[in-house]
Protein chains: 4
Amino acid sequence: MAQKTAQLLISCPDTRGIIAAVTGFVAQHNGNILEADQHTDPQQGEFLMRLEVELDGFQLNQENFESKWSTLAKQYDMRWHIHWSNVTKRMAILVSKESHCLSDLLWRWKTGELHVDIPLIAGNHESLKETAQSAGITFHHLPITPTNKSAQESQLRDLLDRASVDFVVLARYMQILSPSFVAAYPERIINIHHSFLPAFAGPKPYHHAFERGVKIIGATSHYVTNELDAGPIIAQSTMPVDHRDTVDDLIRKGRDLEKVVLSTAVRLHTQDKILVCKNKTVVFD
Amino acid sequence: MAQKTAQLLISCPDTRGIIAAVTGFVAQHNGNILEADQHTDPQQGEFLMRLEVELDGFQLNQENFESKWSTLAKQYDMRWHIHWSNVTKRMAILVSKESHCLSDLLWRWKTGELHVDIPLIAGNHESLKETAQSAGITFHHLPITPTNKSAQESQLRDLLDRASVDFVVLARYMQILSPSFVAAYPERIINIHHSFLPAFAGPKPYHHAFERGVKIIGATSHYVTNELDAGPIIAQSTMPVDHRDTVDDLIRKGRDLEKVVLSTAVRLHTQDKILVCKNKTVVFD
Amino acid sequence: MAQKTAQLLISCPDTRGIIAAVTGFVAQHNGNILEADQHTDPQQGEFLMRLEVELDGFQLNQENFESKWSTLAKQYDMRWHIHWSNVTKRMAILVSKESHCLSDLLWRWKTGELHVDIPLIAGNHESLKETAQSAGITFHHLPITPTNKSAQESQLRDLLDRASVDFVVLARYMQILSPSFVAAYPERIINIHHSFLPAFAGPKPYHHAFERGVKIIGATSHYVTNELDAGPIIAQSTMPVDHRDTVDDLIRKGRDLEKVVLSTAVRLHTQDKILVCKNKTVVFD
Amino acid sequence: MAQKTAQLLISCPDTRGIIAAVTGFVAQHNGNILEADQHTDPQQGEFLMRLEVELDGFQLNQENFESKWSTLAKQYDMRWHIHWSNVTKRMAILVSKESHCLSDLLWRWKTGELHVDIPLIAGNHESLKETAQSAGITFHHLPITPTNKSAQESQLRDLLDRASVDFVVLARYMQILSPSFVAAYPERIINIHHSFLPAFAGPKPYHHAFERGVKIIGATSHYVTNELDAGPIIAQSTMPVDHRDTVDDLIRKGRDLEKVVLSTAVRLHTQDKILVCKNKTVVFD
C-alpha cells in the first residue's frame, strides 16, 4: 500500500507520437509504469494523459526531473504537473453549521483512507469547533457579518497562505468566494452541491426538488469557478425518492449522497486523477 | 394473472375516518380488498387513496357502483375514478423519427406485458410506418409544415376522438401540443423527456449534458401540461457516464433509459396507479 | 417532527374485511390514521398491516389499548404489536475491530437522525473503546478466547438483560451467536453482511468477490437466525467495481455501502416498519 | 463514426518498457493512437493492453502487420490479437422460447447500434422463427429430445462452422454446451444469466430470488466455460425489488436488466474491449 510512486499529469495539443515519446522517456530513465491513462478531447484537439511511475528503480527524482523532462515538455507544448507520493498534500476544510461532510472527511482521514494533512478547519459559525478539535485540528472561527465579508475573506486567505495549503474543500461552507480567492486556487477548491447539477443550482436545492416532485435526488462535487455551481463537475450520484418523502427525508437521504460524492472528489484530487479541459473534468479512475 | 379486479382512485380533503368509511363500504358489499394504498399530502391537506378490489364476490359492478357509492363520495367531497379490469384502455402513440421507444412499447404489447389496445399510431414523419404496420397497427402520416401546424393538430384530434382513445403516449414525438389539445386529455398525455428534469428541459438535452460535462445522464416520463417539460413527473432513471462518452454515446446509452422510463409510466397509467396532486404525482406501485 | 403517534403492526390469516375492521376500530376511538400500509402474502395466505395513528385526539393509550383491542385481535387470530412513540427503543451495539459502522451509527444518533437510546456498546476487542466513550457510552470489553466462547456470551446476555435492551445491532461483530442468544431476541438482532447475499455468505466476502471477478459488490442487512447469513433480508445495496479495483478498493468502497445499508435497517426497525413473514421481510417504507 | 481503425489486444508477462515498446512501434509506422488502455494484474504478474490505432496514415495493414510485429511480440512473449475495423464480425444467436433478448439484439443490429453480421439464428424450439425471419435472418430449428442431445449439438456446430461464425451469443438458450463445443469457441460464447452471479446460478434464478426474499435482483453476462454459470463475468446490473413483487414481477423487471447486460457484453466483444486473465475479464470501456 505504501508503494512510492510519482503521478505525472499532462495536457497538450493532440498530435502523433506523444504516448511513445512520454513512455519512451520513462523507459529510458528505467521507470516502471504502473498505470497509464490517456484521453483525447476531439472538440478541443487536446491530448490528456496520466502516468503513475514506480519510484523504485526510476533514475529521476524531485531534484532532477524537470531539467530532463523540460525538452520534451516544450516540444509538445505541454501543461504538466508531477506529484511525488512521498509529499503529502495539505488540505484546508471550510464549514458552516452542517456536520455530516466534515465528520465523514475526518473519519476517512483518521482511519488512513484519505491520505492528506489537514492543517486547519475554518468556519463562519462556531458549531463545528468541537468536531474539529476532537480530531486534533485547529479550528478558526471567522464569522461573517453584513459588513465584514471581504475582510473575513482576507483573514481566511492569510490563514490558508500561512498554512501552505494545497487545496481547499468546501464541506457545505455555503458562502460564495470572491474571484480573487478563486483565482488563487485554480482547480484546487472542491465544493459539494446538494443536487444533481445543473438542476437546482443555488440555495435550498432539496426544497426545490420537493416542490418539483422529482423521483430522484442527487449530489455533485465540482471545482469552484466564478460562476455559481457551474464549475467542472468531478463526481455525481443519485438515489430514488418518492411521494412519501418529506423535505426532511430528502435532506436526510441526501446527506448520504453528499458524503460519498465529496469524499470521492477529494480522494481523486489527492491521487492526481483529475485533469480539467475547458470546464469539464477528465477523471482517470 | 387474469384475476378480475376494480381499481378505485380517490382524492379529497383530509379528515378523520375516510379509510374506515371507504373500506367499510367495500366490506359491506362483500368486496375483498387486494391492495390498499393511501397518502396524505400535508401541504395541500389532500387525502389520496387507491384500492384494488377483487370482483369475485363483490356485489357491485359497472352498472350499480356509482349509485351506491355517490353518497359517500359526496360526503367526503371526493374526486374519484373507478376502472374495471375487464375494460381495456385504448392508447394512441405519437411518434416522429426515433424508433426505440415505439419498438419497445410494441414489443411489450405484443408479448402481453403491456395490457392495452392500440387503435392507432400517428407520426409527423413516415419513418416508423413500417414498424407500426408490421405490428398490425394503422399508421397515420400527419406531416407538419411551417403553415399547417394547427390544421395538423385538428386532424390528429379527430383521429383520436374517432378512435375513442383513453390516453396518448408521446414516444419521442418532439412536437409541442396546443393548450386545447392538452386540455382535452388532462393527466392523460404521457411524454418521455431525454434528461433528468428539470435539468436540460427543451431540445437537444444530450448535447447540453455533454457540454456541461455531467457524470450522470437521465430520462424522465411526465404528464404533459402547457408548460414545456414541466408537467407532473411519473418516473425517472439515471446512469453514469464519463469523459470517454461522446454525444453519440450519451444518445445510445440514453435510449436504454428512455425505453424503461417511458414503459414504466405507461404501465403505471394503465394500472391506475398514479394520482396527481398539484403538479406532483403520487405513484402507488 | 415530534408528532406523537402509535405504530400498530398486525399479521393474521388473510380474510375479507380486516382493513375495514381495523380502521373502523381506530375511527371509533377517534384516531386519525396518518399512514396505513398493508400487504397480503398469497403463498402464505398471510395478511400484514402497519398503521400509524396520531395520538392527539385518540381515546386509547398505553393503559387501555389492549383491553379494547383484544376482542378484534382474537377474532382475526392476530399477532400484533403496538409501539407508542413517546417510548424510546433501547439499542445495544456489538463490535469487533472495524470502526466504520459504529462511527456512522453514533454520528446519526448524536445528530438526532436515529432516535434510540444506546445503553451500551460491547466488543470482543478493545479497539473501539475510545470511539464509544467519546460519544459518552459505556464500552464493555468481552474478549473471546479458544475456551471461553460460551462464558463470554453469558456475560454479554447478562449485560443486555440488565440494560433492558430492545434490540441488538451487530456492527461488524464477526461472531456467530448461539441459538439460545438468537432465541432471546427474535427478529431483534440486526446484522450487516458485506456482500449482496446470498452470494459470498460467510467470511471474507470481498476477497471472494475479487477472486470471482464480479462487476458489482453489495451489502446486506438482515435479522439474525440460526443459519449463518440466511435470516430475513431487510435492505441491500450494490455499487459497480471493475478490474482496476484491488481487494483493498472493494473493502473501501464496500464500507460506504455497509454504513448506509445497516443504518437503513436500524432506522426501519426503530420506526416499526418491518414485519417478518416466513424468513422474508415486508418493509413498509 | 465510420473512422477506420485497428484494435490491438495484448497480454504478456509484466516487465518494464512494454508500453514504450508498443507505442514506439506504432509511432515508427506513423500510426496515430486514438485510445490506449493498459492494466497490470499484480497477482498474475500479467500485463494487458488495448490500443486503437487510426488506419489513416498507418503504414501497416492486414497483409504486412504480422511480419513487422512478430519480433516485438516474441520478445515480450505476447498473446495478441488485432482486429481491423473494416472486417465485420460474424455473430450467431442461439435461442429457446424467450424473445426479449433476441428482439433487443435484432433491434440494435437493424438500427446500426450493433455492428455485426448475423448469418444465422438457431433455436431448440420454433417459437422465435418468425422473429428471426422478419429481420431477414435464417432460422434453424434444432429440437432437442431425450436421446439426440449430442447429435443436435453436432448439427449446430456444423451450421456455425459453415457460416464462419466468429462468436456465439446465447440469448436465453437455456442449454448446457458440451466441453468440445466450448473449446471450439474459447472466450467467444457469451451467455446471459438472469441473476447477479454467483448468487442463484443454475435454473430458475428468479424463483430462488423470490424465495430468498432479496431486495435486489440482477443479471450477468459472461463467457461460457465448462463450469455452469462460472465463466469470466463481462457485465452485471442490478435493480431494487420489494415485497410487493411477485415472481412474475421479478421476471418482468429482470427482462429489462437482461437486455441491457447482454447487449453491453456483445457490444464490448464486437469492439474488442475485453481481455480475459484467469477467469476474470479486463474491460477497457
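Residues numbered from 1 in each chain as written. Chains lettered and ligands numbered in written order. Predicted model: local features only at pLDDT ≥ 70, side-chain atom pairs only at ≥ 80, totals over all residues. Heavy atoms only, no water.

## Overview of the interface of chain B and chain D
Logical step 1: At the interface, 18 residues of chain B touch 18 residues of chain D.
Logical step 2: Here chain B packs against chain D, burying approximately 1,600 Å² in sum over the two surfaces, 45% of which is carbon and sulfur.
Logical step 3: It is W107(B), R252(B) and D256(B) in chain B that bury the most area against chain D; as a group they hold 31% of the surface buried on that side.
Logical step 4: Summed over the shared surface of chain B and chain D, the result is 6 salt bridges.
Logical step 5: Here chain B is connected to chain D by 10 residue pairs in polar contact (both at pLDDT 80 or more). (Contact = heavy atoms within 4.5 Å. Buried area = accessible area lost by both parts, 1.4 Å probe. Salt bridge = Lys/Arg side-chain N within 4 Å of Asp/Glu carboxyl O. Polar contact = N/O pair within 3.5 Å; in protein donor to acceptor, adjacent residues only side chain to side chain.)

## Some thoughts on the state of the cysteines
Logical step 1: Applying the stated criterion across every chain yields a total of 0 disulfides over all chains.
Logical step 2: C101(C) carries a free sulfur, and the closest cysteine sulfur to it, the one in C101(A), is 19 Å from it.
Logical step 3: Residue classification places C101(C) among the buried positions, given a relative accessible area of 1%. (Disulfide = S-S within 2.5 Å. Buried < 20%, exposed > 50% of the residue type's maximum accessible area, 1.4 Å probe, protein only.)

## Examining the relation of the copies chain B and chain D
Logical step 1: Taken as rigid bodies, chain B and chain D are interconverted by a rotation of 180° and an axial shift of 0.0 Å, the fit giving an RMSD of 0.0 Å. Viewed as a symmetry operation, the transformation between the two copies matches a two-fold axis.
Logical step 2: Taken together, the interface assignments show that 100% of the residues at the interface of chain B recur at the interface of chain D, consistent with an identical surface on both copies. (Least-squares fit on C-alpha atoms with pLDDT ≥ 70 in both.)

## Describing helix α5 (residues 149-162) of chain C
Structural remark: α-helix, 3.6 residues per turn; residues separated by three or four positions point the same way.
All names here are of chain C.
Logical step 1: When the terminal C-alpha atoms of α5 are compared, their 20 Å separation across 14 residues agrees well with the 20 Å that a helix rising 1.5 Å per residue should span.
Logical step 2: Among all positions in α5, only Q152, E153, L156, L159 and L160 are buried. Seen along its axis, α5 keeps its buried residues to an arc of 120°; they face one direction. Along α5, exposed side chains directed more than 90 degrees from the buried face belong to S150 and R162.
Logical step 3: Of the surrounding elements, those touching the buried residues of α5 are β5 (90-95), β6 (117-123), β7 (139-141), β8 (167-170) and α6 (179-184). (Helix = DSSP H or I, 4+ residues; strand = E, 2+ residues; numbered from the N terminus. Expected span 1.5 Å × (residues − 1). Arc of directions from axis to C-beta.)

## Some details on the nonpolar core
Logical step 1: Ranked by size, the top nonpolar core spans 96 residues in total, and within it I121(A) and I121(B) carry the most contacts.
Logical step 2: Setting aside anything within four residues of it in sequence, one finds I121(A) in contact with I93(A), V95(A), L102(A), L106(A), A132(A), I137(A), T138(A), F139(A) and H140(A).
Logical step 3: Counting 94 residues, the second-largest nonpolar core is a separate cluster that includes V214(C), V266(C), V276(C) and F139(D). (Core = buried A, V, L, I, M, F, W, Y, C linked by side-chain atoms within 4.5 Å.)

## Thoughts on the relation of the copies chain A and chain B
Logical step 1: Mapping chain A onto chain B is achieved by rotating through 180° and translating by 0.0 Å along the same axis, at an RMSD of 0.0 Å.
Logical step 2: A share of 100% of interface residues in chain A that are also interface residues in chain B marks the association as one of identical surfaces.

## Brief notes about the pattern of salt bridges
Logical step 1: One pass over the full model with this rule turns up 60 salt bridges over all chains.
Logical step 2: A salt bridge links R255(A) to E113(C), with the nearest nitrogen and oxygen atoms 2.7 Å apart. A residue pair is termed interchain when its members come from two chains, as with R255(A) in helix α8 (residues 247-270) and E113(C) in the loop between α3 (100-110) and β6. The same class applies to R255(A) as to E113(C), namely buried.
Logical step 3: For R108(D), the salt bridge is made with E113(D), and the minimal N-O distance between the two is 2.7 Å. As far as burial versus exposure is concerned, R108(D) and E113(D) are alike and both buried.

## Re the packing of aromatic side chains
Logical step 1: Applying the stated criterion across every chain yields a total of 34 aromatic pairs over all chains.
Logical step 2: Taken together, a centroid distance of 5.5 Å and an interplanar angle of 25° make the contact between F65(B) and W69(B) stacked. Separated by 4 residues within a single helix, F65(B) and W69(B) lie in helix α2 (residues 65-75), roughly one turn from each other.
Logical step 3: According to the relative accessible area criterion, W69(B) is buried, its value standing at 0%.
Logical step 4: One aromatic cluster in this structure is built from F25(A), F65(A), W69(A), W80(A) and W84(A).
Logical step 5: Taking the ring centre of F210(B) as reference, the NZ or CZ of K280(A) above it sits at 3.4 Å.
Logical step 6: Taking the ring centre of W107(A) as reference, the NZ or CZ of K259(C) above it sits at 4.8 Å. (Phe/Tyr/Trp six-rings, centres within 6.5 Å; stacked < 30°, edge-to-face > 60°. Lys NZ or Arg CZ within 6 Å of the ring centre and 35° of its normal.)

## Considering the sheet that holds strand β6 (residues 117-123) of chain B
Residue and element names in this part refer to chain B.
Logical step 1: Within the open sheet, the 7 strands sit side by side as β7-β6-β5-β8-β9-β10-β11. Their pairing is mixed. With one partner strand each, in any of the chains shown, β7 (139-141) and β11 (233-240) form the two edges of the open sheet. Averaged over all pairs of adjacent strands, the angle between their axes in this sheet comes to 15°, without regard to strand direction.
Logical step 2: As paired elements, strand β5 (residues 90-95) and strand β8 (residues 167-170) share 4 bridges and run parallel to each other. Counted as the bridge partner of L94 is L170 from β8.
Logical step 3: Against the sheet, helix α3 (residues 100-110) touches β5, β6, β8 and β9 (189-193), its axis set at about 165° to β6. (Pairing = 2+ DSSP bridges. Axes fitted to C-alpha atoms, helices over the stretch in contact; angles between N-to-C directions.)

## Describing the domain arrangement of chain A
Quite often, the size of an interface is put as the accessible area lost when its parts meet.
Residue and element names in this part refer to chain A.
Logical step 1: What the domain assignment lists for chain A is domain 1 (5-84) and domain 2 (90-283).
Logical step 2: Look at where the C-alpha atoms of domain 1 and domain 2 centre, and you get two points 31 Å apart.
Logical step 3: Across the boundary between the two partners, domain 1 contributes 14 residues, which contact 9 residues of domain 2.
Logical step 4: Of the roughly 950 Å² buried at the junction of domain 1 and domain 2 (both faces included), carbon and sulfur atoms supply 60%.
Logical step 5: The largest per-residue losses of area from domain 1 upon contact with domain 2 belong to L9, L48 and R50, which jointly make up 42% of the total buried on that side.
Logical step 6: The tally of links from domain 1 across to domain 2 stands at 0 salt bridges.
Logical step 7: Where domain 1 meets domain 2, there are 2 residue pairs in polar contact (both at pLDDT 80 or more).
Logical step 8: Those elements that place two or more of their residues in the side of domain 1 that touches domain 2 are β1 (5-13), β2 (32-41), β3 (46-54) and β4 (79-84).
Logical step 9: Here the side of domain 1 that touches domain 2 is composed, by residue class, of 4 nonpolar, 6 polar and 4 charged. (Domains from an automatic or database assignment. Nonpolar A, V, L, I, M, F, W, Y, C, P; charged D, E, K, R; others polar.)

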